There are 4 protein chains.
Amino acid sequence: MTERNIRVEPIDRQAVEDQEVEIVERKGIGHPDSICDGIAESVAGALAREYLDRVGEVLHFNTDETQLVAGEAVPAFGGGEVVDPIYLLIVGRATKHYDGQVIPTERIALTAAREYLEETIPQLEVGEDIVVDVRLGEGSGDLQDVFGEDEVSVPMANDTSFGVGHAPLTETERIVSEAERRLNGEFVDENPYLGPDVKIMGKREGDEIDVTVAAAMIDEYIPTMDAYRDAVESVREFVEAVASEHTDRDVTVYVNTADDYDEGSIYLTVTGTSAEQGDDGSVGRGNRANGLITPNRSMSMEATSGKNPVNHIGKIYNLLSTEIGKSVVDEVDDIRDLRVRLLSQIGRPIDQPHVADVHVVTDDGVTIEDVEADVEAIVDRELADVTEITRRVIDGELSTF
Amino acid sequence: MTERNIRVEPIDRQAVEDQEVEIVERKGIGHPDSICDGIAESVAGALAREYLDRVGEVLHFNTDETQLVAGEAVPAFGGGEVVDPIYLLIVGRATKHYDGQVIPTERIALTAAREYLEETIPQLEVGEDIVVDVRLGEGSGDLQDVFGEDEVSVPMANDTSFGVGHAPLTETERIVSEAERRLNGEFVDENPYLGPDVKIMGKREGDEIDVTVAAAMIDEYIPTMDAYRDAVESVREFVEAVASEHTDRDVTVYVNTADDYDEGSIYLTVTGTSAEQGDDGSVGRGNRANGLITPNRSMSMEATSGKNPVNHIGKIYNLLSTEIGKSVVDEVDDIRDLRVRLLSQIGRPIDQPHVADVHVVTDDGVTIEDVEADVEAIVDRELADVTEITRRVIDGELSTF
Amino acid sequence: MTERNIRVEPIDRQAVEDQEVEIVERKGIGHPDSICDGIAESVAGALAREYLDRVGEVLHFNTDETQLVAGEAVPAFGGGEVVDPIYLLIVGRATKHYDGQVIPTERIALTAAREYLEETIPQLEVGEDIVVDVRLGEGSGDLQDVFGEDEVSVPMANDTSFGVGHAPLTETERIVSEAERRLNGEFVDENPYLGPDVKIMGKREGDEIDVTVAAAMIDEYIPTMDAYRDAVESVREFVEAVASEHTDRDVTVYVNTADDYDEGSIYLTVTGTSAEQGDDGSVGRGNRANGLITPNRSMSMEATSGKNPVNHIGKIYNLLSTEIGKSVVDEVDDIRDLRVRLLSQIGRPIDQPHVADVHVVTDDGVTIEDVEADVEAIVDRELADVTEITRRVIDGELSTF
Amino acid sequence: MTERNIRVEPIDRQAVEDQEVEIVERKGIGHPDSICDGIAESVAGALAREYLDRVGEVLHFNTDETQLVAGEAVPAFGGGEVVDPIYLLIVGRATKHYDGQVIPTERIALTAAREYLEETIPQLEVGEDIVVDVRLGEGSGDLQDVFGEDEVSVPMANDTSFGVGHAPLTETERIVSEAERRLNGEFVDENPYLGPDVKIMGKREGDEIDVTVAAAMIDEYIPTMDAYRDAVESVREFVEAVASEHTDRDVTVYVNTADDYDEGSIYLTVTGTSAEQGDDGSVGRGNRANGLITPNRSMSMEATSGKNPVNHIGKIYNLLSTEIGKSVVDEVDDIRDLRVRLLSQIGRPIDQPHVADVHVVTDDGVTIEDVEADVEAIVDRELADVTEITRRVIDGELSTF
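Residues numbered from 1 in each chain as written. Chains lettered and ligands numbered in written order. Predicted model: local features only at pLDDT ≥ 70, side-chain atom pairs only at ≥ 80, totals over all residues.

### Regarding the overall build of chain A
Stage number 1. A count of helices and strands for chain A gives 7 helices and 17 strands.
Stage number 2. Here the C-alpha coordinates of chain A stretch approximately 65 × 65 × 25 Å along the principal axes.
Stage number 3. Classification of the 401 residues of chain A by burial places 61% in the buried group.
Stage number 4. Put simply, of all contacts in chain A between residues at least 6 apart along the chain, 77% involve residues at least 24 apart. (Helix = DSSP H or I, 4+ residues; strand = E, 2+ residues; numbered from the N terminus. Buried ≥ 20, exposed ≤ 12 C-beta atoms within 10 Å, placed from the backbone. Contact = placed C-beta atoms within 7 Å.)

Put into structure tokens, the structure is as follows:
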């Protein structure tokens, strides 16, 4: 054990890749829960940057609650309309008065939310298809741990909390993760009919992988039922191709399985998100900090999005442990599965966790002892650099959901 | 008396122009109450036009309630900011389901409000400086009196209500009315520092007219206290010039009399409306249908803005009586003061009021009998053409506040 | 003219009692607009009393805006239910921080609203049939004119505003006023089926008075259509009896004229107010400070309810002029009609108005000169005692609507 | 494998009881997240019972979103006050129109929330300390799987989802769970100063258990700092006693460790919940279906509270797997740790899961084969009786958080 209480030990289970049954899910960026995560996090980033800009350090805030109340829409081939707008309430605390200045926290929040929505769900007309409201309480007047422009000190943990990260991703995890990101990336660039509300579930039993995609199609670009069928098929083929890049196992892709063409019941939307019709959302209910929901792995309940990146230990440790995991498998060979857990202790600097335990499954023929030193060194290095996580979150470089 | 029950009689008081004391007020288009009036009316117009467009006739609605909750702002020479946004809640009823169609009434309302705000108070960033929310109940399913594309029938009065109009405007009334409109027109075109929240009070005692102007200046265009003083002086001179076009009486103009330069307490705003800081507003609390508040004249309490123009008898009769007044003094000479009152009777066509009484003060040497026939003919003609009021309201040609 | 600028002059019109046509209206305490007036005023009173209690003087506040969004109800003989609750938003400003204390202004407002509703509309279950929300901005930190526990100084007028009062009430006015009050008093005590939302319109043409009553019946106490008919008839007879106490003219009373028994379309409610189904409301849209809407008389547009009674000159002068009117006709004989107008001047103590003009119509054979001195003395006395108005408002002794 | 696809297998890890580090958390019933869970679930139960009552079957609804926006309070020894009320928004969908009936879903929700709050957090004055608002969209008109009064059919799974349950609880889990329940039970009955917002974290390293309690004290019952210290000490002793009933390991109990007596910074509240001051909350962010947060065990992200108990497969399977776990360890000896996972398959009856895998750690000297048949029989029996879960949820017999 080092001074940072780093323990590297064998994990007391098989690698997830080798387990018999595996389930993985990802809610795409346009899913109602992800919309809330995304807004909470973009509000947090905007507040942190504004605080730095105005007073030179990040003041107290916490915007990890956003509630989305679904609207009502009437989609139609060629273009329908939202009839009752979505209502979205941004909730949290933020310091509004500091050293004689008034910080326009509500306005910052509204502006960040609008920009995020316009970027992420362009089909949604902010202020018409969605009403965005805000209720930010006044944060406590206490000064916060210093994360200023010029100097960065390592803050003390203000809570007993823990973060957990995993690496490498399994094939199923990579398929689910990549499929959503590339559908909402290159695929959409070519095929504007696909909305951002793409939900993907991967299920592996032995060597059979089923990928189930629920993809909200945008009616404006879908003139007919045939066009819809074609769109569904294109998504299926695309996901199939993505999957084949990540596995040699048998993969079957299903898209919009709940459709009933005879009944005309299909997944057609006006705006590309199910929030327009009946699906509410809120922060912390969807993807974990690594972008996935992975019942086979231990997960933190912590809502990472919207938390203050300077001193919220749950947020920092979830992101840091995920980054540590990535670094380890990038730099150390022969690791088949790895779980990093960071447990804080109130009142201790956050670069010195109560425990940093790293559980490892090595490849056949390799022992823990073979990798232990390398792993420990990486964990030590990343912990020493913990404030870099804060910086990257503030600059929007790290995804939280 | 004609079949329309038109009575032309002498008024039992002096012409307002000849009374000893006269008070007149106008809340400019950027005043919080006027903002609510304007949004209520623009929502009503948008709904009426959409109904005509979609189903060929105007369905039941009533959007004569809008509540504005003031924000908080920190103005500063050269440009301050809104720190807590204004909250505006559009309230009313509207028919959402008709003949298998869903009418997106909330979305129509939000779009109309946004367009109105962007047009009227351009300094206000909708969705950031102001949150616009909407709560429209479902209107009753009953079919309404027909005001369709092809045919127009005269509806029955659904209430006992009354409207009142006056003409001609007195000098003081014209000064107050014109000063606000021209400040918010030609003056602002040249001088962008003047905000739309201009409140003007005129007080005449005998032949002395005092005009008191409260004018919200926009900080972005006011770099210094000197610039502010200049702005105030320019407004004063402009209003003085306007006044001189309407009267030979002595006029004194006061602008922003509550300012205290020594204390730095001046009427500086970020957005040009006091709604940004502490002044709430709602519909029907400000100007009457003729754009003025005139305690010397009888006024209707009815909130004209936002009411359904097809069948809301209070709205129609207030607008119609005002129009009748204008027509009479346009077409008939020697009328010094005129009050038109239209009283409806439930169940009777609205072109046949229970009573249409016109009280007249004629110029010296002229008797009622000299003008009676002409007046009656005009009233008769305008009543016959009552649905024209509805059309003009729907087309946005008639101001309601 | 005295030092208080009191002028007593003949009015330049007939007494309203002698005019050919007269219209009078009163919205009962359960009407949606009156509910808002009542809550705004009870919130104001509660704040004023709490301020006195906690800091010894009345701090800045203004709660003259309340918006009611109607609910949806399904009444039924014997008892129906509210299906979508009424939403009521209390709006205003109030000082929350003073001298190290935090004043729980929102909580005070909610408590006052709840108590008012439970008292006034007992059938309405607060928190279930109606959701009461509150948005009070922070009032300015400036100290206010002193209205403290120990000493009372006369504040300066902070605005140019005016108030108007009339006396005596005409027969029609008294009938309308009394009928509503007694229906909501002794009648309801005996007949619980009558809801507080009673709207009464009186119309007099010459010596014919029509009284039209819209009375919301409470379904719980109305088991059958026959019971409903009986209830309507009882109301009619009661109002007829009230009317006969105030006039010898011919009076015809109509109750719930819009009913259509064949269609089953009657004025049946669950809670006794039309706010439960489709009728929105807000402050200042209904009765004037004397409890009536009187198009035949000059009226102030000012919303009296909810305003700060210490320094809001519009509120004080409307109430004071009404009280002056009453005192004059109580104490001076031979006055047939009287209008009191008080016009403030910014910066002058409010007991010294810019003008206090009293216009009088005397009985036949009596001249202005006969009553002038008496009237002037009363006006002078009441003005001197202006802070008594504030005290009575704070103690809830004066009705504002 | 049986027809229900039940698999009983060894778990690929140690029993949690035997792992080196274990973390367990429970948010007490007064924690802001738990308040939201509790209201969501009580609204769901109330809706289900009302539907059964009114139309004989449970219609579509989903009320698994509730957002709590914290208030502001000023606690003080002997009794402080809430100064800005908590705002709570109930969100979801529910069928409002069915077979000609209107179901008052909003009113049902508000009533359920009020009753729940009054029962759970009696110090909180509903409507004054907390504003409860509701936005329920209209559920789809589709008929739902039958769960009626007379007959109960087994519904089809409408989603691919999974539930997970564990048994038996470890010592640490039992301590955390029991301590909260008994503090909020017998302890509070004797010691009214303890608020319901009790958050307990248990951490075991080897044989050392630390129990950290954050306990909101109610100021009304705490007259002095000494009384506060005594209260803290009483809680500590009580939890210590509870712990000793469940373990022979070393237990150290910490209560309100963030207190700083010198600074006067203690955990004193007016209402017994941190929601009164700065702590927001929402559904599904706290305890899992078994009442605990257990990072050492696999957890479902599913928000169980508020979901429809008839057909929401995630809710049903989480509760059912928890119940199966309990039954197995109750009835079968020699089981040291057990994990039940139920995975649904769309379109298959929910009593026939895609997979029901039960992973077992047996006591030393006992093999899977020794217990397999018994375990399988119990799983089979409980799956056959799946609708009993629905019934118990509707009757409020099963806790979901």
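### Considering the domain arrangement of chain A
Residues and elements named next belong to chain A.
Stage number 1. We note that the domain assignment places domain 1 (6–19 + 157–170 + 289–394), domain 2 (32–138) and domain 3 (173–282) within chain A.
Stage number 2. When each unit is reduced to the centre of its C-alpha atoms, the spacing between domain 1 and domain 3 is 31 Å.
Stage number 3. Contacts between domain 1 and domain 3 engage 5 residues on the former and 4 residues on the latter.
Stage number 4. Residue composition of the side of domain 1 that touches domain 3, grouped by class: 2 nonpolar, 3 polar and no charged. (Domains from an automatic or database assignment. Nonpolar A, V, L, I, M, F, W, Y, C, P; charged D, E, K, R; others polar.)

### Quick look at helix α1 (residues 32–55) of chain D
Stage number 1. Helix length check: α1(D), at 24 residues, gives a terminal C-alpha distance of 34 Å against a target of 34 Å (1.5 Å per residue), a fit within 8%.
Stage number 2. One or two steps after α1(D), the chain reaches D:G56, where phi turns positive at roughly 80 degrees. (Expected span 1.5 Å × (residues − 1).)

### Focus: the relation of the copies chain D and chain A
Stage number 1. For the pair chain D and chain A, the superposition axis carries a translation of 0.1 Å, the fit reaches an RMSD of 0.0 Å, and the rotation angle comes to 180 degrees. Each copy turns onto its partner about a two-fold axis. Among all C-alpha atoms of chain D, that of D:R13 lies closest to the rotation axis, at 2.3 Å. (Least-squares fit on C-alpha atoms with pLDDT ≥ 70 in both.)

### Focus: the interface of chain C and chain B
Stage number 1. Chain C puts 40 residues into the contact, and the matching count from chain B is 40 residues.
Stage number 2. Elements with a contribution of two residues or more to the side of chain C that touches chain B: β2 (21–27), β3 (61–69), β6 (86–94), β9 (130–138), β10 (162–167) and β17 (355–362) of chain C.
Stage number 3. Of all the elements, β6(C) adds the most residues to the side of chain C that touches chain B, at 5 residues.

### As for the interface of chain D and chain A
Stage number 1. Counting from both sides, the interface comprises 39 residues of chain D and, opposite them, 39 residues of chain A.
Stage number 2. Looking at the side of chain D that touches chain A, the elements with two or more residues in it are β2 (21–27), β3 (61–69), β6 (86–94), β9 (130–138), β10 (162–167) and β17 (355–362) of chain D.
Stage number 3. Considering every element that reaches the side of chain D that touches chain A, the biggest residue donor is β6(D), with 5 residues.
Stage number 4. Class assignment for the residues of the side of chain D that touches chain A results in 17 nonpolar, 13 polar and 9 charged.

### Observations concerning the UniProt feature "binding site: ATP" (unreviewed entry) in chain A
Stage number 1. Mapped onto this numbering, the UniProt entry annotates "binding site: ATP" (unreviewed entry) at A:G137, A:E138, A:G139, A:S140, A:G141 and A:D142.
Stage number 2. Looking at the secondary structure, you find A:G137 in strand β9 (residues 130–138).
Stage number 3. Discounting residues that sit within four places of it in the chain, A:G137 has contacts with A:R93, D:A70, D:E72 and D:G278. (UniProt positions renumbered as here; feature names shortened; annotations may be inferred.)

### A look at the environment of D:L124
Residue and element names in this part refer to chain D.
Stage number 1. For L124, the position within the fold is in the loop between α2 (105–120) and β9.
Stage number 2. In this structure L124 comes out as buried when scored by C-beta crowding, with 26 C-beta atoms within 10 Å.
Stage number 3. For L124 and G272, which are 148 residues apart along the polypeptide, the C-alpha to C-alpha distance reads 8.2 Å.

### Quick look at the sheet that holds strand β6 (residues 86–94) of chain B
Residue and element names in this part refer to chain B.
Stage number 1. One open sheet holds the 4 strands; their spatial order is β9-β6-β3-β15, and the pairing between them is mixed. A single partner strand is all that each edge strand has here, and the edge strands are β9 (130–138) and β15 (281–282).
Stage number 2. Bridge count for strand β3 (residues 61–69) against β15 is 2 bridges, and the pairing is antiparallel. For Q67, the partnering residue across the bridge sits in β15 and is S282. (Pairing = 2+ DSSP bridges.)

### Some points on the confidence of the model for chain A
Stage number 1. The predicted model of chain A has a mean per-residue pLDDT of 93, with 96% of residues at 70 or higher.
Stage number 2. Scored by ipTM, the complex comes to 0.92, with pTM at 0.94. (pLDDT = per-residue confidence, 0-100.)

### What about unusual backbone geometry?
Stage number 1. A cis amide bond links A:A167 to the next residue, A:P168, at an omega of -15 degrees.
Stage number 2. Its place among the elements puts A:P168 in the loop between β10 (162–167) and α3 (171–190).
Stage number 3. With phi around 70 degrees, A:D334 is a residue other than glycine that occupies positive phi space.
Stage number 4. Within the secondary structure layout, A:D334 lies in the loop between α5 (313–331) and β16 (335–343).
Stage number 5. Even without a glycine there, the phi angle at C:D99 is positive, about 55 degrees.

### Structural notes on the environment of A:P122
Stage number 1. Inspection of the secondary structure puts A:P122 in the loop between α2 (105–120) and β9.
Stage number 2. Sequence separation between A:P122 and A:G195 is 73 residues; the distance between their C-alpha atoms is 9.4 Å.

### Overview of the nonpolar core
Stage number 1. Core analysis: the biggest nonpolar cluster contains 470 residues, and A:M217, B:M217, C:M217 and D:M217 have the highest contact counts within it.
Stage number 2. Look past the residues within four positions of A:M217 in its chain and what remains in contact with it is A:Y193, A:L194, A:G195, A:I222, A:Y228, A:A231, A:Y267, A:L268 and A:T269. (Core = buried A, V, L, I, M, F, W, Y, C linked by C-beta atoms within 7 Å.)

### Overview of the packing of helix α1 (residues 32–55) of chain A against α2(A)
Residues and elements named next belong to chain A.
Stage number 1. Contact geometry of α1 with α2 gives a least axis separation of 8 Å together with a crossing angle of 130 degrees. Relative to α2, the element α1 lies oblique. When the axes of α1 and α2 are compared, the crossing they make is right-handed. Residue-level inspection shows G38, I39, S42, V43, A46, L47 and E50 of α1 in contact with α2, the latter providing T105, I108, A109, A112, A113, Y116 and T120.
Stage number 2. Partitioned by chemical class, the residues of the contact of α1 with α2 number 9 nonpolar, 4 polar and 1 charged. (Axes fitted to C-alpha atoms, helices over the stretch in contact; angles between N-to-C directions. Parallel < 35°, antiparallel > 145°, perpendicular 65-115°, else oblique. Left-handed = near helix turned anticlockwise from the far one by under 90°.)

### Some details on the sheet that holds strand β15 (residues 281–282) of chain A
All names here are of chain A.
Stage number 1. Read across the open sheet, the 4 strands follow the order β9-β6-β3-β15; overall the sheet is mixed. In this open sheet, the two strands that pair with only one neighbour each are β9 and β15.
Stage number 2. Pairing analysis gives 9 bridges linking strand β6 (residues 86–94) to β9, with the strands arranged parallel. Pairing of L89 across the sheet is with D133, part of β9.
Stage number 3. Packed on one face of the sheet, α1 meets β3 (61–69), β6 and β15 and runs near 150 degrees to β3.
Stage number 4. Docked against the sheet, α2 engages β3, β6 and β9, running at close to 145 degrees with respect to β9.

### Section: the pairing of strand β12 (residues 208–218) of chain A
Within a regular strand, side chains alternate between the sheet's two faces.
Residues and elements named next belong to chain A.
Stage number 1. Burial runs high along β12: 9 of the 11 residues are buried.
Stage number 2. Bridge count between strand β11 (residues 194–205) and β12: 9 bridges; the pairing is antiparallel. Looking at β12, one finds that L194 is bridged to M217.
Stage number 3. As paired strands, β12 and strand β13 (residues 250–255) are joined by 6 bridges and run parallel to one another. In the sheet register, D210 faces β13, and the bridge partner there is T252.
Stage number 4. Bridge count for β12 against strand β14 (residues 268–269) is 2 bridges, and the pairing is parallel. If you follow I218 over to β14, its bridge partner there is T269.

### Comments concerning helix α2 (residues 105–120) of chain B
Stage number 1. Taking 1.5 Å as the rise per residue, α2(B) with 16 residues should run 22 Å; its terminal C-alpha atoms sit 22 Å apart, in good agreement.
Stage number 2. The set of residues buried in α2(B) consists of B:T105, B:E106, B:R107, B:I108, B:A109, B:L110, B:A112, B:A113, B:R114, B:Y116 and B:L117.

### Quick notes on the environment of B:E115
Residue and element names in this part refer to chain B.
Stage number 1. Among the secondary structure elements, E115 is positioned in helix α2.
Stage number 2. E115 gets classed as partly exposed once you count the C-beta atoms within 10 Å, which come to 14.
Stage number 3. Taking C-alpha positions, E115 is 18 Å from D64, a pair spaced 51 residues apart along the chain.

### Some words on the packing of α5(A) against helix α6 (residues 368–384) of chain A
Residue and element names in this part refer to chain A.
Stage number 1. Running from amino to carboxyl end, α5 crosses α6 at an angle of 140 degrees, the nearest separation of the two axes being 10 Å. Classified by the angle their axes make, α5 and α6 are oblique. Pair α5 / α6 crosses with right-handed handedness. Of the residues in α6, those touching α5 at L320, E323, I324, S327, V328 and E331 are V375, I378, V379 and E382.
Stage number 2. A class-by-class count of the residues in the contact of α5 with α6 yields 6 nonpolar, 1 polar and 3 charged.

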